[in-house]
Amino acid sequence: MNNINITRRRLLGTTLATGSAIALGGCNRLDPLIQSGHTARTILESASSLSFRVQRWLSSGTSLAREYQRSDIRQQQHANGTISPRDVDYLNLASNQFSDYSLKVNGLVGNELSLDLDTLRKLPARAQITRHDCVEGWSCIGEWTGVQLSTILEMAKPHPEARFAVFDCFDTMERGLSGSVKYYESIDMVDAMHSQTILAYGLNQKTLPVANGAPLRLRVERQLGYKHAKYVKSITLVATLKDIARGNGGYWEDRGYAWYAGI
Ligand SMILES: Nc1nc2c(c(=O)[nH]1)N[C@H]1C(S)=C(S)[C@@H](COP(=O)(O)O)O[C@H]1N2
Ligand SMILES: [Mo]
C-alpha cells in the first residue's frame, strides 16, 4: 500500500510542481500535465484506483488517520481554494452570523433534514487534531470540532441503495455561458460513516472562520485536501455519481484529479 501511495505522491509532486510554481494558491489553476489522456495522468489514475482497492481491502474502511497533540499545532490553518465566497445567498447568511443557515440532507433518504447551527452544535461533538494535506504539497495540523457525519446520516435514514454522499457548496468556482459552477464533492458510504468524518463548525477551539469554510465544512481525514468540501450547503445521497455534473464526483475530479484521494 505504501509503495503505491509513494509512487502516486511522487507523481503528484512532479506533475503539480510546475502548476504551483506558476500559481501559488495552486488549487485554482490546472497543470496541463494532469489533463485527461496525458501519460502521467493515466499512470496516476491507475495507481489511484489500485490504491483505493488495496486500502479498502487492507483496512476494511475503519482504520484511523493519525491524531496529534495540541502542541503539534504550529501555525494557523492555511486557507486555500475559495477563501471568501462572493455568492449573494452566502453573503446574506454571513451578515447574520449564519443564524439563518440550515444544512439540507436529501436524496435517497427516508427522512429529509434541515438542521440549523444551534441544532448541529447540540448534537454529540467530536474534536480531532489532524493533518491536512493539499496536493500542492503543503500540510497543516489543526484541531477540528464538529458532528460526525454518521450521526446526521443515521437521522436521515439512508435507503439501502445509497452509495455516495454528495456535498454541494455555496462558492462559485467559475462562471460560464451555461451558468455558474459551484464547488461540489463526494465520498462513499464507507468514508461517510467513518468515525473521523465530521462536519466541522470549529477550528482550533474557535468558530470556523470564513476562510476555512464557515459555517460548516467536511473533514474526511484519510483523504487529500480537495475532498474536504468547505461552505457545505447540502448533502445528497445518491446511488451513482454519473449524473453529478461531468460524472466524476467532484469539481476537481471533473477537471482531472482522482476521485479517491487516500493518503
Ligand atoms: N467549497 C470549497 N471547498 C474546498 C475548496 C474550495 O475551493 N471550495 N478547496 C479545497 C482545497 S484544494 C483544499 S486544500 C481545502 C483547503 O481548506 P482550508 O482553506 O481550510 O485549508 O479545501 C478544499 N475544499
Ligand atoms: Mo488543495
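Worth saying up front: this structure is predicted, and the values here are computed from it rather than measured.

(A) Layout of the sheet that holds strand 1 (residues 102–107). Read from one edge to the other, the open sheet built from 5 strands follows the order 2-1-10-5-6, with strand pairing classed as mixed. Every other strand in the sheet has two partners, leaving strand 2 (113–116) and strand 6 (179–188) as the edge strands with one partner each. Adjacent strand axes in the sheet meet at a mean angle of 25 degrees when their direction is disregarded. Where strand 5 (residues 164–176) and strand 10 (residues 232–238) come together, 6 bridges link them in antiparallel fashion. Each residue of the ladder has a partner; that of F167, found in strand 10, is I235.

(B) Looking closely at the side chain of R219. Considering the arrangement of structural elements, one finds R219 in strand 9 (residues 217–220). Looking at R219, its side chain comes within polar contact range of the side chain of H132, at 3.0 Å. Within the structure, R219 has its side chain in polar contact with the side chain of H228 (distance 3.1 Å). Not counting the four nearest positions on each side in its chain, R219 is found in contact with Q128, T130, R131, H132, W144, Q196, T197, I198, A200 and H228.

(C) Unusual backbone geometry, seen in detail. Cis geometry is adopted by the peptide bond preceding P215, which originates at A214 and carries an omega value of 5 degrees. At Y231, a residue that is not glycine, the phi angle is positive and equals roughly 50 degrees. Mapped onto the elements of the fold, Y231 is located in the loop between strand 9 and strand 10. One non-glycine residue, A245, lies in positive phi territory at about 45 degrees.

(D) Representation of the state of the cysteines. Tallying each qualifying case throughout the model produces 0 disulfides. There is no disulfide at C140, and the cysteine sulfur nearest it, in C134, is 9.8 Å away. Owing to a relative accessible area of 3%, C140 belongs among the buried residues under this scheme.

(E) The arrangement of the pattern of salt bridges in detail. Going through the model one piece at a time under the given rule, you end up with 13 salt bridges. A salt bridge links D243 to K242, with the nearest nitrogen and oxygen atoms 3.7 Å apart. K242 carries the same exposure label as D243, and that label is exposed. Each of E185, K227 and E253 takes part in salt bridges that share partners, so that together they form one network.

(F) Fine view of helix 5 (residues 149–156). In terms of burial, helix 5 is largely enclosed, as 6 of its 8 residues are buried. Inspection of helix 5 places L149, S150, T151, I152, L153 and A156 among the buried residues, and these make up the whole buried set. Looking one or two residues past helix 5, K157 carries a phi angle of roughly 55 degrees, positive in sign.

(G) Representation of empty space enclosed by the protein in the model. Summed over all chains, the structure comprises 3 cavities of 30 Å³ or more. Approximately 270 Å³ is the volume found for the largest cavity. The wall of the largest cavity is formed by 22 residues, among which N80, G81, Y183, G225 and K230 lie closest to the centre. A class-by-class count of the residues in the lining of the largest cavity yields 10 nonpolar, 9 polar and 3 charged.

(H) Representation of the pairing of strand 5. Note that strand 5 and strand 6 share 9 bridges and pair antiparallel. From the neighbouring strand, D168 faces strand 6, where its bridge partner is Y184. Turn length for the strand 5-strand 6 hairpin, with the two strands adjacent in sequence and antiparallel, is 2 residues.

(I) Expanded view of the environment of R222. Relative to the elements of secondary structure, R222 occurs in the loop between strand 9 and strand 10. Here R222 falls in the buried class, since its relative accessible area comes to 8%. Residues R222 and S63, spaced 159 residues apart in sequence, show a C-alpha to C-alpha distance of 8.9 Å. Within the structure, R222 has its side chain in polar contact with the backbone oxygen of S63 (distance 3.1 Å). Here D191 takes part through its side chain, which lies 2.8 Å from a polar atom of the side chain of R222.

(J) Spotlight on the packing of aromatic side chains. All told, the structure shown has 11 aromatic pairs when counted by the stated rule. Between the aromatic rings of Y101 and F170, the centroid separation amounts to 6.3 Å while the plane-to-plane angle is 55 degrees, which identifies the pairing as tilted. Of this pair, Y101 sits in the loop between helix 3 (88–94) and strand 1 while F170 sits in strand 5, and the two are 69 residues apart along the sequence. With a centroid separation of 5.7 Å and an interplanar angle of 85 degrees, the aromatic rings of F164 and W259 are classed as edge-to-face. Here the residue F164 occupies a position in strand 5, and W259 occupies one in the segment after strand 10, the gap between them amounting to 95 residues. Put simply, the rings of Y183, Y184, Y226, Y251, W252 and Y257 pair up and form one aromatic cluster.

Conventions adopted
Every residue gets a number counted from 1 within its own chain, in the order that chain's sequence is written. Following the order in which they are written, the chains are lettered starting with A and the ligands numbered starting with 1. Predicted model: local features are reported for residues with pLDDT of at least 70 only, side-chain atom pairs are reported and counted for 80 or more only, and whole-chain, interface and lining totals are derived from all residues. The basis for every side-chain value is the complete set of non-hydrogen atoms in the structure, without hydrogens or water. By definition, two strands form a pair when at least two bridges between them are found by DSSP. Helical segments are the DSSP runs of H or I of at least four residues, strand segments are the runs of E of at least two, and each set is numbered from the N terminus. In this analysis an axis means a line fitted to C-alpha atoms, helices contributing only their contacting stretch, and an angle means the value between N-to-C directions, from 0 to 180 degrees. In the analysis that follows, any N or O atom pair within 3.5 Å is treated as a polar contact, provided that within protein one partner can donate a hydrogen and the other can accept it, and provided that, for residues neighboring in sequence, both atoms belong to side chains. Throughout, a contact is declared for two residues whenever any of their heavy atoms are within 4.5 Å. The rule for a disulfide is simple: a pair of cysteine sulfur atoms within 2.5 Å. Partly exposed describes any residue whose relative accessible area lies between the buried limit of under 20% and the exposed limit of over 50%, with all areas from a 1.4 Å probe on protein chains only and scaled to the type maximum. Any Lys or Arg side-chain nitrogen found within 4 Å of a carboxyl oxygen on Asp or Glu counts as a salt bridge. Here a cavity denotes grid points, spaced 1 Å and computed from the protein atoms alone, that fit a 1.4 Å probe unable to get out, and a pocket denotes an open set having protein on both sides within 12 Å along at least 5 of 7 lines; residues with an atom within 4 Å of a point are the lining. Grid points are joined across faces, edges and corners, and a volume is the space filled by probe spheres set on the points. Polarity classes work like this: nonpolar for Ala, Val, Leu, Ile, Met, Phe, Trp, Tyr, Cys and Pro, charged for Asp, Glu, Lys and Arg, and polar for all others, with Gly in that last group. Only centres within 6.5 Å qualify two rings of Phe, Tyr or Trp (six-membered ring in Trp) as a pair; their planes then separate them into stacked at under 30 degrees, edge-to-face at over 60, and tilted for everything else.

Taken by themselves, the reported measurements are silent on function.
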